[in-house]
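A structural walkthrough
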Amino acid sequence: MNKRSFLKNLGLGISSLPLFSFAPDLSTEASTLLPLPLKKGDKVGIISPSAATADRIQFQFAQETLEALGFEVQLGKNLKNRRGHLAGTDEERANDLNEMFADQDIKAIICIRGGSGASRILPLIDYKTVKRNPKPLMGYSDITALHNAIHAKTGLITFHGPNGTGSWNSFNVKQFENMFFNQQLVTFENEAVKGDDLIIKQNRIQTISSGKAKGKILGGNLTVLTALSGTTYLPDFKNAILFIEDIGEDPYKIDRMMSTLKLNGTLDKINGFIFGQCSDCSPSGGYGSLTLDDILDDYILPLGIPAYKGAMIGHVPKQFIVPVGAEVEMDADNGTFRMLHPIFKA
């Protein structure tokens, strides 16, 4: 995902957006809504609510992946469209999402990729239909916009996890099966990788502040999350566990975005904090730089809440499938969090 151009792309064509909206006027936070469960043999839909997919073989990869998981696959009508960097017009991308939620035969929706552009369709989502037909929606990165907006408007638990064209290694597949087919209360713990080294260095967690905390887990990609600040598409983070990740951002940009979460009141509401992976986030010049550790110390330590960094969340091959909106308990000392309750309708 080209994060450096995200904010610029976000502003493209705003004047051409429709003046109407399907979004209901909700003055209070929606209560938690559980999606219907999944089983092998179900039909799932693939959509592209963000950027266009350049290589045609990626559509084939996504379909074959879901078929290998045991599903029948239906492609969104506008999946292969393109308008500039986007996978079709705003209306086309929103229509695919709305139609997949409205279709009773579709039991889950998988986003083929992230990129940028999902926030453009938020006013066009039919949230009433989403609420009437709760089903799993999965993706990450730019799909953060959908996770937060849908939860804010409907309370539906969605899933921050691999996109259709993402990595479906044995770790991700096993986690998917345990969560969706076996309906386990998953404990999310990093898979330590020793490699050819005397000590374990990969997937190490670092405790920022000790302790345990419970709450609804909310968050996602930091850039996308902060771009929702001040809108009705950002959920209430009161007593939540905030998780964030990012890619390709200099520390000074991370600092600016963490400042936004402080100024808009998000950080002062949360019970706990989990920082995932920040891929390619090293300083790229200038006179000196705060480190990521400095930034997290500045914003998180004063909160006095349990917090840790290094979770397998983000733009990494092996990644947690986080049930956005579910109740969890985190342990900052062990670098784990676990689901407390079933997340599918009985």
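Each chain carries its own residue numbering, running from 1 in the direction its sequence is written. Predicted model: local features are reported for residues with pLDDT of at least 70 only, side-chain atom pairs are reported and counted for 80 or more only, and whole-chain, interface and lining totals are derived from all residues. Values reported for side chains reflect all heavy atoms of the structure, with hydrogen atoms and water molecules removed beforehand.

Within an unreviewed UniProt entry, the label attached to the protein reads LD-carboxypeptidase, and the organism entered is Fontibacter flavus.

Let's shift gears to the overall build of the protein. For helices the rule is a DSSP run of H or I covering at least 4 residues; for strands it is a run of E covering at least 2, with both sets numbered from the N terminus onward. Secondary structure assignment for the protein yields ten helices and 14 strands. Both definitions apply: the radius of gyration is a C-alpha atom measure, and the globule rule equals 2.2 Å times residues to the power 0.38. In terms of C-alpha radius of gyration, the protein reaches 19 Å, essentially the compact-globule figure of 20 Å for 346 residues. Each principal axis of the C-alpha atoms in the protein carries an extent, and together these give about 50 × 45 × 40 Å. Residue burial is assigned from relative accessible area. The probe radius is 1.4 Å, only protein chains are included, and a residue is buried under 20% of its type maximum, exposed over 50%, and partly exposed in between. In the protein, buried positions account for 56% of the 346 residues. A separation of at least 24 residues holds for 81% of the contacts in the protein among residues at least 6 apart in sequence. The Shrake-Rupley method, run with a 1.4 Å probe sphere, supplies the accessible areas, and residue values consider only the shown protein chains as cover. Just so you have it, the protein exposes about 14,700 Å², and 49% of that area is on carbon and sulfur atoms. Charged side chains in the protein number 36 positive and 37 negative. The centres of these two groups are separated by 3 Å. Any pair of residues with heavy atoms lying within 4.5 Å of one another is described as a contacting pair. Positive charges come from Lys and Arg alone, negative charges from Asp and Glu alone, with His and the N- and C-terminal ends not counted. The location of each charge is read from NZ of Lys, CZ of Arg, CG of Asp or CD of Glu.

Another aspect to go through is the sheet that holds strand β2 (residues 72-75). Backbone-to-backbone hydrogen bonds pair the strands of a sheet. The strands run either parallel or antiparallel. Pairs of strands are assigned from DSSP output, requiring at least two bridges between the strands. Strand order in this open sheet of six strands is β2-β1-β3-β4-β5-β12, and the pairing throughout is mixed. Across the chains shown, the open sheet's two edge strands, defined by having one partner strand only, are β2 and β12 (322-324). Taken pair by pair, the neighbouring strands of this sheet meet at an average axis angle of 25 degrees, ignoring direction. Bridge analysis of strand β3 (residues 106-111) against strand β4 (residues 137-139) gives two bridges, and the strand direction is parallel. Only the stretch in contact is used when fitting a helix axis, every axis being a line fitted to C-alpha atoms; angles between N-to-C directions are given from 0 to 180 degrees.

What follows concerns the confidence of the model for the protein. Values of pLDDT, which run from 0 to 100, indicate the predictor's confidence residue by residue. Confidence along the protein averages 91 in pLDDT terms, with 90% of residues attaining 70 or more. In the model, residues 1-28 has pLDDT below 50 throughout and makes 54 contacts with residues more than four positions away in sequence or in other chains.

On to the nonpolar core. Core analysis: the largest hydrophobic core is formed by 97 residues, its most contacted members being L146, F176, F180, M258, F273, I274 and F337. Those residues in contact with M258 that lie beyond four places of it in its chain are L222, I244, L267, F273, I295, L296, Y299 and I300. Only buried residues count toward a nonpolar core. Its members are Ala, Val, Leu, Ile, Met, Phe, Trp, Tyr and Cys residues joined through side-chain atoms within 4.5 Å.

As a further point, take the UniProt feature "domain: LD-carboxypeptidase N-terminal" (unreviewed entry) in the protein. Under the feature "domain: LD-carboxypeptidase N-terminal" (unreviewed entry), the UniProt entry names residues 44-161. Note that residues 44-161 is 36% helix and 17% strand, and that its end C-alpha atoms are spaced 16 Å apart. UniProt positions are given in the numbering used here, feature names are shortened, and annotations may be inferred rather than shown by experiment.

The subject of this paragraph is the environment of Q104. Counting through the fold element by element, Q104 comes out in the loop between α3 (90-102) and β3. Relative accessible area serves as the criterion here: at 53%, Q104 is assigned to the exposed category. Between the alpha carbons of Q104 and E72 there is a distance of 14 Å; along the sequence they are 32 residues apart. A distance of 2.6 Å separates polar atoms of two side chains, one belonging to Q104 and the other to N133. Definition of a polar contact: a pair of N or O atoms within 3.5 Å, with one able to donate and the other able to accept a hydrogen when the atoms are protein atoms, and with sequence-neighbouring residues admitted only if both atoms are side-chain atoms.

Once that is clear, we can look at the packing of aromatic side chains. Two rings from Phe, Tyr or Trp (for Trp, the six-membered ring) form a pair when their centres are within 6.5 Å of each other. A pair whose planes differ by under 30 degrees is stacked, one over 60 is edge-to-face, and the rest are tilted. Per the counting criterion, the structure on display carries 14 aromatic pairs. Their ring planes at 40 degrees and their centres at 6.3 Å tell us that F273 and F275 sit as a pair that is tilted. The same class applies to F273 and to F275, which are both buried. When the ring centre of F59 is taken as reference, the NZ or CZ atom of K80 above it lies at 5.3 Å. Placement of a positive charge over a ring is assigned whenever Lys NZ or Arg CZ falls within 6 Å of the ring centre and within 35 degrees of the normal to the ring plane.

Let us now look at the pattern of salt bridges. Put simply, a salt bridge is a Lys or Arg side-chain nitrogen that is within 4 Å of an Asp or Glu carboxyl oxygen. Under the criterion given, the structure shown has eleven salt bridges. As a salt-bridge pair, D42 and K39 come within 3.1 Å of each other at their nearest N and O atoms. By relative accessible area, D42 is classed as buried at 8%. Take K39: its relative accessible area is 53%, and that puts it in the exposed class. Each of D90, R93 and R120 takes part in a single network of salt bridges with overlapping partners.

One non-glycine residue, S141, lies in positive phi territory at about 65 degrees. In this fold, S141 is placed in the loop between β4 and α5 (144-154). Overall, S141 belongs to the buried group, its relative accessible area being 3%. One non-glycine residue, Q183, adopts positive backbone phi at about 50 degrees. Mapped onto the secondary structure, Q183 falls in the loop between α6 (170-181) and β6 (187-189). Its relative accessible area of 40% is what places Q183 among the partly exposed residues.

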